[in-house]
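One-letter residues, chain by chain:
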Amino acid sequence: LAAGIFERRSTLVATIAQASAFQANTDSSNETQVRRILRDERLFLCSVYYPFIRQLLTEMAPTELYLTIDESNHGADFNIFGIGLATDGMSIPLGWLLYLSDDAWAEEARELMLTVASYLPVHTRIIVLADRIHTGEPFLDCLDQLGWEYVFRATADTQIETSRGWK
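The paragraphs below set out a description of the structure included in this document. (Residues numbered from 1 in each chain as written. Predicted model: local features only at pLDDT ≥ 70, side-chain atom pairs only at ≥ 80, totals over all residues. Heavy atoms only, no water.)

1. Quick word on the nonpolar core
Stage number 1. By size, the foremost hydrophobic cluster in this structure holds 31 residues, and its most contacted members are Leu67, Phe81, Leu120 and Trp148.
Stage number 2. Mapped by element, the contributors of at least two residues to this core are helix 4 (45-60), strand 1 (64-74), strand 2 (78-86), strand 3 (91-99), helix 5 (106-117), strand 4 (125-131) and helix 6 (137-146). (Core = buried A, V, L, I, M, F, W, Y, C linked by side-chain atoms within 4.5 Å. Buried < 20%, exposed > 50% of the residue type's maximum accessible area, 1.4 Å probe, protein only. Helix = DSSP H or I, 4+ residues; strand = E, 2+ residues; numbered from the N terminus.)

2. Topic: the pattern of salt bridges
Stage number 1. Using the criterion set out here, one finds 2 salt bridges in the structure.
Stage number 2. In this structure, Glu64 and Arg125 form a salt bridge, with 2.7 Å as the shortest nitrogen-oxygen distance. Note that Glu64 is positioned in strand 1 and Arg125 in strand 4, a separation of 61 residues in sequence.
Stage number 3. With a shortest N-O distance of 2.7 Å, Arg125 and Glu149 are connected by a salt bridge. Within this pair, whereas Arg125 is found in strand 4, its partner Glu149 is found in strand 5 (residues 149-153), the two being separated by 24 residues in sequence.
Stage number 4. Among the residues examined, Glu149 registers a relative accessible area of 37% and is labelled partly exposed.
Stage number 5. A network of salt bridges, in which partner residues are shared, links Glu64, Arg125 and Glu149. (Salt bridge = Lys/Arg side-chain N within 4 Å of Asp/Glu carboxyl O.)

3. Considering a negative patch on the surface
Stage number 1. Judged by side-chain charge, Asp102, Asp103, Glu107, Glu108 and Glu111 come together as a negatively charged surface patch.
Stage number 2. Among the structural elements, Asp103 can be located in the loop between strand 3 and helix 5.
Stage number 3. Classification of Asp103 by relative accessible area gives partly exposed; the value is 34%. (Patch = residues over 30% accessible without salt bridge, like charges linked within 9 Å, V, L, I, M, F, W, Y side chains within 5 Å. Areas by Shrake-Rupley, 256 points an atom, 1.4 Å probe, with all protein chains shown as cover. Lys, Arg positive; Asp, Glu negative; His and termini not counted. Charge placed at Lys NZ, Arg CZ, Asp CG, Glu CD.)

4. Some points on the pairing of strand 4
Stage number 1. With 6 bridges connecting them, strand 1 and strand 4 associate as parallel partners. Across the sheet, Leu67 pairs through a bridge with Val128, a residue of strand 4.
Stage number 2. Pairing of strand 4 with strand 5 involves 5 bridges; the strand directions are parallel. The residue of strand 5 that forms the bridge with Ala130 is Phe152. (Pairing = 2+ DSSP bridges.)

What follows is the structure in structure tokens.
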């Protein structure tokens, strides 16, 4: 699931290759094998993971789901925008966006929310929980378009228009 992160951080690929069960004659051969596994289309989110989540949630038939949204900064290396399914004390990853520290990402984050929404049960109440999230109008419009409710902590200078005025 973290293949994108591994691809960006080749030192992680090297570390995995050193500890792997298959050991070729050279370190580069081991790293090549690890990269092949990480890029294996049979393990792709859209063809394996999302259908699994869809089937799991269909069988659970939840009336309400809590999703977590998190933005994490990893210094100059990369940032992650992630969406997870909140369970008892943990969050199961549903999708994420890996981007460079100075890259634009907001439109891709909204596209990710639309993708994840297509795998969630249609008549389930979705409540998004987030901490220190960016609360721009396009983001809130996307949540409204999806019909998702939300509870999140924003920075002190954030203003949100509600039915009772700006808060």
